[in-house]
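In case you want the letters, here they are:
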Amino acid sequence: MTVFGRVFENREVRDPSFLRFFFDNQGMAPVWLLARLYLGWQWLHAGWDKLTGDGWMNQNGVALQGFWERQVQQPEEGRPPITYDWYRDFIQYMLDHEWYEWFAPVIAVTEVAVGLLLIAGAFTAVAAFFGAFLNFNFLLAGSASTNPVLFVLALLLIAAWKTAGYIGVDRWLLPALGAPWSPGSVFRRDEADRRPET
Amino acid sequence: MGKATLVLIGVLAWAGVAAAAILLQEWDQLWGFFPLLALVIAAWAIGEWVTREVQAAEGGSR
């Protein structure tokens, strides 16, 4: 037990100052603004094309159906588009159950929402998380394109959640809503209202 | 100006950014980015002004 106690001693390892400046300092907000706008711009454009084009919001999601059908192919020679069998099975399952009919509008609307939230800097880290989740799935499905770059940018924005939306709506949202471990002014006021007067 | 009016101005500024973003990306994928950047900074500046005005009004009313 003493060995474990020594090895897993309750000791906090702090980040170096340059990392704290990079992710936690409001002085970096202009840099994160550029990253956020670029990422949001890309998502908005991709989502708007789907929202206003054919095969995503109409025609029973035929565009997504076509994409899934191409990606689950396993050629006789060469590598299949999807590396992991479990992911191919997952896409095949969704194809067999015609999930593309409702999944296509979900993807289109999510992409536009992620784009607009990132541009406005509202719930920046949450929007970046959903963006990264989409990138992750596109990459698993064998579509590289701009996804690796967008994925890395999204991860950086998540890491910089405290300052990435400072030149944006988060400048007011974060202090008002706070975080699950640190409620913001809105919840503190509610708590104060509930407290019985003495 | 009342607090509600000031907050409405701030909300409208950011809603305007979202609407402008959709119009600008339809206009030009490359060049639309720069006016959007300027609009975001303008909306942020409006928000800062609203915050100061609200704080001043609340301070004055105490």
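Counting from 1, residues in each chain are numbered in the order their sequence is written. The order in which chains are written sets their letters, starting at A; the order in which ligands are written sets their numbers, starting at 1. Totals for whole chains, interfaces and linings use all residues, but because this is a predicted model, local features are given only for residues with pLDDT of at least 70 and pairs of side-chain atoms are given and counted only at 80 or more.

Trainee: For the overall build of chain A, give the residues involved together with the corresponding values.
Mentor: Helices and strands together make up the secondary structure of chain A, namely 10 helices and two strands. Listing the helices and strands of chain A from first to last along the sequence gives α-α-α-α-α-α-α-α-α-β-β-α. Restricting the calculation to C-alpha atoms gives the radius of gyration, and the globule rule supplies 2.2 Å times the number of residues raised to the power 0.38. Against the compact-globule benchmark of 16 Å for 198 residues, chain A has a radius of gyration of 22 Å, which places it well outside the compact range. Projected onto its principal axes, the C-alpha coordinates of chain A cover approximately 70 × 50 × 40 Å. Counting other C-beta atoms within 10 Å of a residue's own tells you its class, since 20 or more makes it buried, 12 or fewer makes it exposed, and anything in between is partly exposed; those C-beta atoms are placed from the backbone. Scored against the burial criterion, the 198 residues of chain A give a buried share of 32%. Numbering goes from the N terminus for both helices and strands, where a helix is a DSSP run of H or I of at least four residues and a strand is a run of E of at least two.

Trainee: Could you give an account of the interface of chain A and chain B, with specific residues and numbers?
Mentor: Throughout, a residue-residue contact means that the two C-beta atoms, derived from backbone geometry, are no farther apart than 7 Å. In this assembly, 13 residues from chain A lie in contact with 14 residues from chain B. Where the side of chain A that touches chain B is concerned, the elements lending two or more residues are α3 (29-52), α6 (100-120) and α9 (170-177) of chain A. Split into classes, the residues belonging to the side of chain A that touches chain B amount to 10 nonpolar, two polar and one charged. Three residue categories are used. Nonpolar comprises Ala, Val, Leu, Ile, Met, Phe, Trp, Tyr, Cys and Pro, charged comprises Asp, Glu, Lys and Arg, and polar comprises the others, including Gly.

Trainee: Run through the nonpolar core, naming residues and quoting values.
Mentor: Linking buried Ala, Val, Leu, Ile, Met, Phe, Trp, Tyr and Cys residues through C-beta atoms within 7 Å yields a set, and such a set is a nonpolar core. In this structure, L117(A), L118(A), I119(A), A120(A), L157(A), V17(B) and V40(B) are the most contacted members of the largest nonpolar core, which totals 48 residues. Mapped onto this core, the elements with two or more residues apiece are α3, α4 (62-71), α6, α7 (124-140) and α8 (147-159) of chain A together with α1 (3-27) and α2 (33-61) of chain B. Per-element accounting of this core gives the leading share, 11 residues, to α6(A). What A120(A) contacts, discounting residues up to four positions off in sequence, is G168(A), V169(A), W14(B), V17(B) and A18(B).

Trainee: How would you sum up unusual backbone geometry? Please name residues and give values.
Mentor: A negative phi angle is the norm for most residues apart from glycine, just as the trans form is the norm for most peptide bonds. All names here are of chain A. Of note, the phi angle at N60 is positive, near 55°, even though the residue is not glycine. Note on placement: N60 falls in the loop between α3 and α4. Note on N60: 13 C-beta atoms within 10 Å, which makes it partly exposed. Even without being a glycine, F123 presents a positive backbone phi close to 50°. Along the chain, F123 falls in the loop between α6 and α7.

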